[in-house]
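Observations on the model geometry
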Amino acid sequence: MTSPVHPASRERTLHLVGNAHIDPVWLWRWPEGLQEIRATFQSAVDRMEEYPDFVFTCDSVMYLEWIEQHDPELFATIRKRVAEGRWQIVGGWWIEPDCNIPSGESFVRQALYGQRYLLDRFGAAATVGCNLDPFGHNATIPQLLRKSGMDGYIFLRPGPHEQVLPGQFFHWEAPDGSRVLAYRLPNEYCTPGSDIGGHLDKSLAVMPPDEPELMVFYGVGNHGGGPTKANLDSIARLDALGGLPKLELSHPERFFDRIRDREDVPVHAGELQHHGPGCYSAHSGVKAWNRRAENDLQRAEKWASVAAATAGEAYPREKLTEAWKLVLFNQFHDILAGTSLRSAYEDARDDYGRARSIAAEVFNRAVQAVARRIDIPLRDGTVPLVVFNPHPWALEQDVEVEFGQAAAVRLTDDQDRPVAVQLTRSEATVNGNRGRLAFRASVPPLGHRVYHLLPGADASAEGPVTATADTLENEHLRLRVDPATGWLSSLVDKATGEELIPADPGPHAVVVDDASDTWGHRIRAYDKAVGAFGATRVRLVESGPVRAVLRIESRYGNSAMAEELVLSAGARHVEVRTAVDWHEKLKLLKLRFPTALEEVTATHEIPYGHLERTPDGTEEPTQAWVDVTGTLPGGGRAGLTVVNDSKHGHDVTGGEIGMTALRSPVYAWHEPKVLDEDGVYDHLDQGRQEFRYLLLPHGADWRAADPARRAAELNQPSFALLETFHAGPIAQRAANADDGAGSVLVTVVKGDEDDSGDVIVRGYESQGTATRARIALPMLGEGRVIEAEFGAHEIKTFRVPADPAAPVVETDLLELPSSTAAAVAAGPAGEGA
């Protein structure tokens, strides 16, 4: 057998990219990271003075803003080098985020603020995305890149031992069909500060021997440093020896230009996983802070837009930008992944708190501005209550509100029709002067509705929810809790009559031995159960015309848990409110939801989309919902969706969903470090944790249950505001934007980044089917409607001009005219574009 013939080394080109990968936070806090960024960037411009051919890259745009703020002289030098082409703009995102946990809209904002900053300060945006260090990459990223001006992508993980890919470089395809040219770095993204010959040898050893164009990054990284004199001198020496491919000081765009038009580039469709599955659940606190901040900001933007349009309030773009940048910074992969120092999370907590405080201020100003303009005539003895819906579809949801008395009350809607109301537990433990009530509200799309509290007992003391010490039942669902196990022994969808729970379900709150490091290196599944929480008490704690609540109390070791199962009148789901006081170490809490389903399809929500995955127990990164749909023993088709408010690590094993609720490795612990038996360590997730999730049974197709909207409602609930009486131009019930509640889900209504008074609307196709959407915007005028075709899984953004006569146009994710921009909507008189 003859050996394959490979091109001579000097016929090949090895593009050497001088780079500094800098973690602003990891084993250090951000002030140290800021100083290291300054030192690294100064070193880079110094090397340019010494080596005329040296080209430098660094991919996080936020670092440039930091330098602009803290070292204007250095920033001016960087601008000069960018203009010369010596400092190459790459990445285009605000930071290298965790590429699984943030929401779809957060990924949009990474590019929106990053690319627009580059355009404003340097006159050019990045064309190549770079996420060198994150621990996996969600499948929507190619579409996000394409729609923000980038057609290339560079990454390192997963490595070849974690996922086999069709080549060193390939066309990476998103579920909507968008493609970018992706390149997996060989060996590493950084080097020692000395001779890089060993790094080149290792890199060449894992790359195709017959590929004429290859790329390697070099430069000291993580704690910064960038390319050193020794690095550059060794490149010149090694190239002069002639035994390696031609070594070219280069940059990513030059490399991609050499391979972009080749016809032999393979295609990979789907996500890039798995590396460090423990990152999906490490540090429950930062995961929850992030989820809540993302949702608070989107809610604030929507209602600030409504207030600007209907109440003349100025849109607070600068405040919202400040808050979003705080969130984006803390989505840095070593922060949001949970792998940084314990003290770094004090900074993250404060940053997320500041972002949420800004969002709360903006939202409160907006709803107060609307509320005080609602026409609410005086009615003696009553208290007006305004409920605000943050979603552009009609909302049916339980509302809870604290009010100034604990006496019995009645409730009517805006047309004086009685509404069932139920007194529940107040947050205040006092006698008589503070109460809390719950009622089922029905609120128009992105709108409000006025209800009225009246004195006197609610006549509807009984309701459509029946309850016993271990059962709950409403019009749609019937469930039973086994007091011995502390979990469901029956869950019946009354529409089909099908029983979802198997005859002998396994344990629910399972404790797993977890000896892996903070990242969960070398882990595929968390399946080494060492025990389970045991029920200590099951009791009915609330029952009335609005809902009934069963409380399950259980214990394991030094830990205690309470789960309250809430079934409301008219609800098609069970809400579970969980509080855990957790004191286990090097263990993991996995909540398991066994079903009787067989031959299942497992569907997981990913950023701005969903993906089917093999139900083999692998720990997977998930957004706010996971579904199993399959066949029941009797032959019927059914499914169960679990919707969460802050949990990202999930598995599906056969017909059983597992949700990683808590995980307790040591902070910032990286293999191969072995823990000392008598060492003193801080462990993650110790103490009290609270979270909510939904159990959503459905028929043969999960789409009918619309889990994306149910997840949005759980994560952005309605808001109730006690009001007073006043005249005003706004009706007691009004809608402001309506996406039609089809498969296109509108997530964003915001002011434009140019501060022109235009409104930006963004939505995505959520069910995997091409469709035509109609989005009504009555807040901008009776005839303001967007009509557009959406491909399956497609994200679209529209600019609605302040001028009511101007047509709506589609933009890219940067709010700039897309290459196919055209008028897509009817004007105020209904004429087509």
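Everything that follows concerns the structure shown earlier in this document.
An account of the accompanying structure is given in this report.

Here is what the cut-offs are and how they apply
- Residues numbered from 1 in each chain as written.
- Predicted model: local features only at pLDDT ≥ 70, side-chain atom pairs only at ≥ 80, totals over all residues.
- Heavy atoms only, no water.
- Helix = DSSP H or I, 4+ residues; strand = E, 2+ residues; numbered from the N terminus.
- Buried < 20%, exposed > 50% of the residue type's maximum accessible area, 1.4 Å probe, protein only.
- Contact = heavy atoms within 4.5 Å.
- Areas by Shrake-Rupley, 256 points an atom, 1.4 Å probe, with all protein chains shown as cover.
- Lys, Arg positive; Asp, Glu negative; His and termini not counted.
- Charge placed at Lys NZ, Arg CZ, Asp CG, Glu CD.
- Pairing = 2+ DSSP bridges.
- Polar contact = N/O pair within 3.5 Å; in protein donor to acceptor, adjacent residues only side chain to side chain.
- Salt bridge = Lys/Arg side-chain N within 4 Å of Asp/Glu carboxyl O.
- Axes fitted to C-alpha atoms, helices over the stretch in contact; angles between N-to-C directions.
- Parallel < 35°, antiparallel > 145°, perpendicular 65-115°, else oblique.
- Left-handed = near helix turned anticlockwise from the far one by under 90°.
- Nonpolar A, V, L, I, M, F, W, Y, C, P; charged D, E, K, R; others polar.
- Disulfide = S-S within 2.5 Å.
- Expected span 1.5 Å × (residues − 1).

**Describing the overall build of the protein**
- Across its full length, the protein carries 13 helices and 45 strands.
- Once the C-alpha set of the protein is aligned to its principal axes, its extents read approximately 95 × 65 × 50 Å.
- Counting every position in the protein, which comprises 833 residues, the buried fraction comes to 62%.
- In the protein, once contacts between residues fewer than 6 apart in sequence are set aside, the share between residues at least 24 apart is 72%.
- Accessible surface computed for the protein: about 30,100 Å², of which carbon and sulfur atoms make up 49%.
- Looking at charge distribution, the protein has the averaged site of its 83 positive side-chain charges lying 2 Å from that of its 120 negative ones.

**Remarks on the sheet that holds strand E18 (residues 471-473)**
- In spatial order, the strands read E17-E18-E19-E20-E21; together these five strands make up an open sheet with antiparallel pairing. A strand with exactly one partner marks an edge of an open sheet, and here the two such strands are strand E17 (466-467) and strand E21 (498-499).
- In terms of strand pairing, strand E20 (residues 487-493) meets E21 through two bridges, oriented antiparallel. From the neighbouring strand, Val492 faces E21, where its bridge partner is Glu499.

**With respect to the pairing of strand E12 (residues 395-403)**
- In terms of residue burial, E12 counts as a mostly covered element, since seven of its nine residues are buried.
- The pairing of E12 with strand E15 (residues 435-443) spans nine bridges and is antiparallel. Bridging across to E15, Gln397 finds its partner in Ala441.

**Considering the pairing of strand E27 (residues 574-582)**
- With respect to burial, E27 is a largely interior element, eight of its nine residues being buried.
- Sheet topology note: the strand E26 (residues 559-568)/E27 ladder contains seven bridges and is antiparallel. Within the sheet, the bridge partner assigned to Ala560 lies in E27 and is Asp581.
- What sits between E26 and E27 in their antiparallel hairpin is a turn of five residues, with Gly570 showing a positive phi close to 85°.
- As paired elements, E27 and strand E36 (residues 687-698) share nine bridges and run antiparallel to each other. Among the inter-strand pairings, Val580 is bridged to a residue of E36, identified as Gln689.

**Some remarks on the side chain of Asn389**
- Within the secondary structure, Asn389 is located in the loop between strand E11 (383-388) and E12.
- The class of Asn389 is buried, set by a relative accessible area of 0%.
- Side-chain polar atoms of Asn389 contact the backbone nitrogen of His391, separated by 2.8 Å.
- Setting aside its immediate chain neighbours within four residues, Asn389 contacts Trp303, Ala394, Leu395, Val443, Pro444, Pro445, Leu446 and Gly447.

**Thoughts on the pattern of salt bridges**
- Tallied over the full model, the rule gives 81 salt bridges.
- Across the pair Glu253 and Arg260 runs a salt bridge, and its minimum N-O distance is 3.3 Å.
- The network of salt bridges with shared partners includes Glu400, Glu402, Glu427, Arg434, Arg436, Glu542, Arg547, Glu575, Arg577 and Arg692.

**Structural notes on the environment of Thr603**
- Checked against the element boundaries, Thr603 lands in strand E29 (residues 598-606).
- With a relative accessible area of 1%, Thr603 lands in the buried category.
- The spatial distance from the C-alpha of Thr603 to the C-alpha of Pro697 is 14 Å, given a sequence separation of 94 residues.
- Not counting the four nearest positions on each side in its chain, Thr603 is found in contact with His610, Leu611, Glu612, Trp625, Val626, Asp627 and Trp702.

**Here we look at the side chain of Arg109**
- As for its placement among the helices and strands, Arg109 is situated in helix H4 (residues 104-122).
- When its relative accessible area of 0% is taken as the criterion, Arg109 is described as buried.
- Excluding residues within four positions of it along the chain, Arg109 makes contact with Gly114, Glu301, Trp324, Leu328, Val748, Lys750 and Arg762.

**So, the packing of helix H9 (residues 284-311) against helix H12 (residues 344-371)**
- Contact geometry of H9 with H12 gives a least axis separation of 8 Å together with a crossing angle of 25°. For the element pair H9 / H12, the angle class is roughly parallel. The chirality of how H9 crosses H12 is left-handed.
- Here the contact of H9 with H12 is composed, by residue class, of 21 nonpolar, two polar and five charged.

**A few points about the state of the cysteines**
- If you walk through the whole model with that rule in mind, you get zero disulfides.
- No disulfide involves Cys58; its sulfur sits 9.7 Å from that of Cys130, the nearest cysteine.
- Residue Cys130 is classed as buried on the basis of its relative accessible area of 6%.

**Looking at unusual backbone geometry**
- Each neighbour pair has its own omega, and for Arg157 with Pro158 the value is 5°, a cis peptide bond.
- Counting through the fold element by element, Pro158 comes out in the loop between strand E5 (152-155) and strand E6 (169-173).
- In this structure, Pro672 follows Glu671 across a cis peptide bond, with omega equal to 10°.
- Structurally, Pro672 is set in the loop between strand E35 (656-663) and E36.
- Even without a glycine there, the phi angle at Asp706 is positive, about 50°.
- Mapped onto the elements of the fold, Asp706 is located in the loop between E36 and helix H13 (707-715).

**Quick notes on helix H1 (residues 30-50)**
- For H1, spanning 21 residues, the distance from its first C-alpha to its last is 30 Å, which sits close to the expected 30 Å at 1.5 Å a residue.
- For H1, every residue scored as buried is listed here: Gly33, Leu34, Glu36, Ile37, Thr40, Phe41, Ser43, Ala44, Val45, Arg47 and Met48.
- Considering only its buried residues, H1 is in contact with strand E2 (56-57), helix H2 (61-70), helix H3 (72-84), strand E3 (87-88) and helix H7 (229-241).

**A closer look at the packing of helix H10 (residues 317-330) against H12**
- Following both chains from N to C, one finds H10 and H12 inclined at 150°, their axes separated by 9 Å at the closest point. Looking at the two axes, H10 sits roughly antiparallel to H12. In the packing of H10 onto H12, the handedness of the crossing is left-handed. Contacts between H10 and H12 involve Lys319, Leu320, Glu322, Ala323, Leu326, Val327, Phe329 and Asn330 on the former and, on the latter, Ala348, Asp351, Tyr352, Arg354, Ala355, Ile358, Glu361 and Val362.
- Looking at side-chain class alone, the contact of H10 with H12 contains ten nonpolar, one polar and five charged residues.

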